[in-house]
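# Descriptive analysis of the structure
So the chains spell out like this:
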Amino acid sequence: MKYQSEIERRRTFAIISHPDAGKTTLTEKLLLFGGAIQTAGAVKSNKIKKYATSDFMEIERQRGISVATSVMTFEYKGTLINLLDTPGHKDFAEDTYRTLTAVDSVILVIDSVNGVEEQTRRLMEVCRMRDTPVIVFINKLDRDGKNRFDLLEEIEKELKISLHPMTWPINSGKEFKGVYDLFDKDLLLFTPNTKASEEDALRISDLRTPLLDEKIGEKDAAILREDIELVEGVHGELNVNDYLAGKVAPLFFGSAINNFGVKELLETFIRIAPSPQCRPTSEREVCPGDEKLSGFVFKIHANLDPKHRDRIAFMRVCSGKFERNKYYHHVRLDKEIRFSNPYSFLARQKDIISEAYPGDVVGLFDTGNFKIGDTLTEGDRFYFTGIPSFSPEIFKEVVNKDPMKTKQLEKGLLQLTDEGVAQLFTQFGGNKKIIGCVGELQFEVIQYRLLHEYGASLQFNTLPFYKACWITSSDPQKLHEFTRFKSANIANDKDGHLVYLAQSEWFLNTERNNNPEIEFHFTSEIHKEAV
Ligand code: G4P
């Protein structure tokens with residue numbers, strides 16, 4: 001395998017959670033361990049969620065549109081860790097889903113008080129689609145949370161994944177005394193507001209020792225012994241292959257804000273989390289050790305300075321070595337491009353790099369060549385699959401308020417939708433432009449950006465659709481008849497593919513039942529082959 005040692009020492013992952021579960025706090029603690037930041041409070045990426053839209057724009061602007069925090073690269077004990085940031089706000093969920101296509105594993109944070117929440121469920125669905133290995137961190141043990149066994153049952157049932165406890169808590173809230181590390185056989189004692197350190201770990205290879213009673217009290221010691229017997233009896237040793245196959249999730253308990261239980265999580269992560277993995281393409285599976293470079297764009301960041309339309313495309317390197325100033329093949333455009341200033345994201349700065357390896361993310365300066373999902377190769381003509389567009393959930397018609405700026409509006413809409421901010425549809429047989437998003441906030445972002453970056457003003461009229469389904473059929477005649485008959489609900493996506501816009505689940509089911517020869521797809525992936 002080429003560049004074997006570079007590949008094996010890399011771990012590319014994302015932390016995901018329902019907002020407020022503690023993703024930012026955990027990110028920060030991991031960065032502190034990796035020496036990438038020196039003080040707490042340095043990672044502000046998720047704070048947007050607490051502000052109104054106008055503040056959102058302002059904050060995005062001030063922090064240089066989060067380029068620096070989009071990817072955080074740090075080293076821990078010789079392992080090079082690429083942590084890909086995902087937006088905290090639920091309206092940007094699609095951005096998160098796409099980022100998940102660029103990672104090899106995830107850490108899922110769950111609030112011990114709230115348990116499984118809406119976003120937790122959706123994010124796990126995306127992980128399950130790709131069998132992404134998941135480690136679960138149950139956070140906020142310093143607060144009175146749910147009963148630990150009930151919580152386990154809830155997570156396993158709701159997220160459809162088996163859990164394998166790696167640490168086990170002793171109480172929660174005011175009575176929280178620490179965690180027992182089932183792997184290292186260490187008892188880690190908790191004192192609020194003080195950092196747990198290695199010295200606080202007490203090695204207890206045999207839980208029967210009276211030292212346990214002395215440290216946590218007889219009652220809790222008895223409960224812990226019982227719990228551990230039960231947990232070990234049920235789960236035994238962790239089967240790492242089951243974790244790597246996305247079937248079993250190692251489970252940790254802790255309190256991110258107190259930096260408690262985080263080190264155990266990180267140690268296990270670097271031990272078992274997968275190094276860069278092979279990925280499917282339109283032609284064959286591409287593996288990190290393959291000689292030639294390949295990679296795909298999973299995120300595009302605009303420059304919010306209205307005077308500069310340049311953008312940064314984030315490419316995940318999948319095979320070979322990326323080199324500065326070398327010509328690469330842009331598969332969709334069938335064009336050779338080179339990059340004189342590619343960025344890497346060490347610590348929190350952008351640094352110009354001269355090479356990158358599989359698992360790394362490079363920031364490519366872009367003047368409009370890239371769309372989400374684009375592939376770069378060393379001449380090969382394949383493209384990476386599995387980077388679908390999901391159905392939007394809110395649909396609005398675009399009404400141009402300034403006919404003098406029609407061109408600007410169209411250009412802006414095309415560029416913003418290339419960035420993946422929203423999806424653009426054109427009503428069948430007409431010119432009505434429809435924007436589909438996951439959340440309301442995105443419409444405000446689009447309106448703001450079109451005005452400030454393109455000088456175009458528009459109004460949105462809400463449309464009564466709830467889902468877009470890409471439609472195909474092996475019988476062209478039937479497809480033609482269906483689109484003609486249902487023309488008010490048919491649109492073309494940006495690539496010209498047919499989409500059925502359903503008013504409700506009932507309508508969708510009715511159409512599916514009435515038209516068995518038409519296939520309804522919930523992602524655009526089906527059309528990749530045709531690109
Ligand atoms: P997010 O990125 O998942 O949205 O969550 P974030 O880390 O911003 O944490 C959400 C809130 O939960 C924050 O409080 C944070 O301090 C708190 N928190 C994180 N970990 C723990 C923990 O282990 N125990 C307790 N008790 N709280 C925790 P906030 O008041 O919303 O924000 P801030 O003012 O503290 O920044």
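In this report, we go over the structure that sits alongside the text. These numbers were taken from a predicted model, which means no experiment stands behind them. (Residues numbered from 1 in each chain as written. Predicted model: local features only at pLDDT ≥ 70, side-chain atom pairs only at ≥ 80, totals over all residues. Heavy atoms only, no water.)

## Notes on the overall build of the chain
Scanning the chain from terminus to terminus reveals 15 helices and 31 strands. The burial tally for the chain puts 55% of its 531 residues in the buried class. Contacts in the chain between residues at least 24 apart in sequence constitute 72% of all its contacts with a sequence separation of at least 6. (Helix = DSSP H or I, 4+ residues; strand = E, 2+ residues; numbered from the N terminus. Buried < 20%, exposed > 50% of the residue type's maximum accessible area, 1.4 Å probe, protein only. Contact = heavy atoms within 4.5 Å.)

## Concerning helix H7 (residues 148–159)
For H7, which comprises 12 residues, the first-to-last C-alpha distance of 16 Å matches the rise-based estimate of 16 Å (1.5 Å per residue) to within 8%. Along H7, the residues that are buried comprise Leu151, Leu152, Glu154, Ile155 and Leu159. Looking down the long axis of H7, one finds its buried residues gathered within 165 degrees of arc, a one-sided arrangement. Within H7, the exposed residues directed more than 90 degrees away from the buried face are Glu153 and Lys157. Looking at the buried residues of H7, the elements they touch are strand E4 (105–111), helix H6 (118–129), strand E5 (134–139), strand E6 (162–165), strand E7 (167–170) and strand E11 (248–253). (Expected span 1.5 Å × (residues − 1). Arc of directions from axis to C-beta.)

## Here we look at the state of the cysteines
All chains considered together, the criterion is met by 1 disulfide. The disulfide bridge from Cys278 ends at Cys287, spanning 2.0 Å between sulfur atoms. Here the disulfide of Cys278 and Cys287 is right-handed, its torsion about the S-S bond being about 110 degrees. Given the relative accessible area of 32%, Cys278 is considered partly exposed. (Disulfide = S-S within 2.5 Å.)

## Quick word on the pattern of salt bridges
Using the criterion set out here, one finds 36 salt bridges in the structure. Between Arg449 and Glu419 there is a salt bridge, and its shortest N-O distance comes to 3.0 Å. Taken together, the residues Arg449 in helix H13 (residues 440–454) and Glu419 in the loop between helix H12 (406–418) and strand E25 (423–427) connect sequence positions 30 residues apart. Accessibility assignment for this pair places Arg449 and Glu419 in one class, buried. Taken together, the salt bridges that share partners define one network made up of Glu6, Arg9, Arg10, Glu75 and Asp360. (Salt bridge = Lys/Arg side-chain N within 4 Å of Asp/Glu carboxyl O.)

## Description of the site of the ligand
By nearness alone, 20 residues border the ligand, and Asp20, Lys23, Thr24, Thr25 and Ser255 come closest of all. Within the side chain of Ser17, a nitrogen or oxygen atom sits 3.3 Å from an oxygen atom of the ligand. A distance of 2.5 Å separates an oxygen atom of the ligand from a polar atom in the side chain of Thr25. Coverage of the ligand by the protein amounts to 71% of the 710 Å² it exposes when considered alone. The biggest single contributor to the shell around the ligand is helix H2 (residues 23–33), with 3 residues. Taken together, the residues that form the shell around the ligand break down as 4 nonpolar, 8 polar and 8 charged. (Near = heavy atom within 4 Å. Polar contact = N/O pair within 3.5 Å; in protein donor to acceptor, adjacent residues only side chain to side chain. Areas by Shrake-Rupley, 256 points an atom, 1.4 Å probe, with all protein chains shown as cover. Nonpolar A, V, L, I, M, F, W, Y, C, P; charged D, E, K, R; others polar.)

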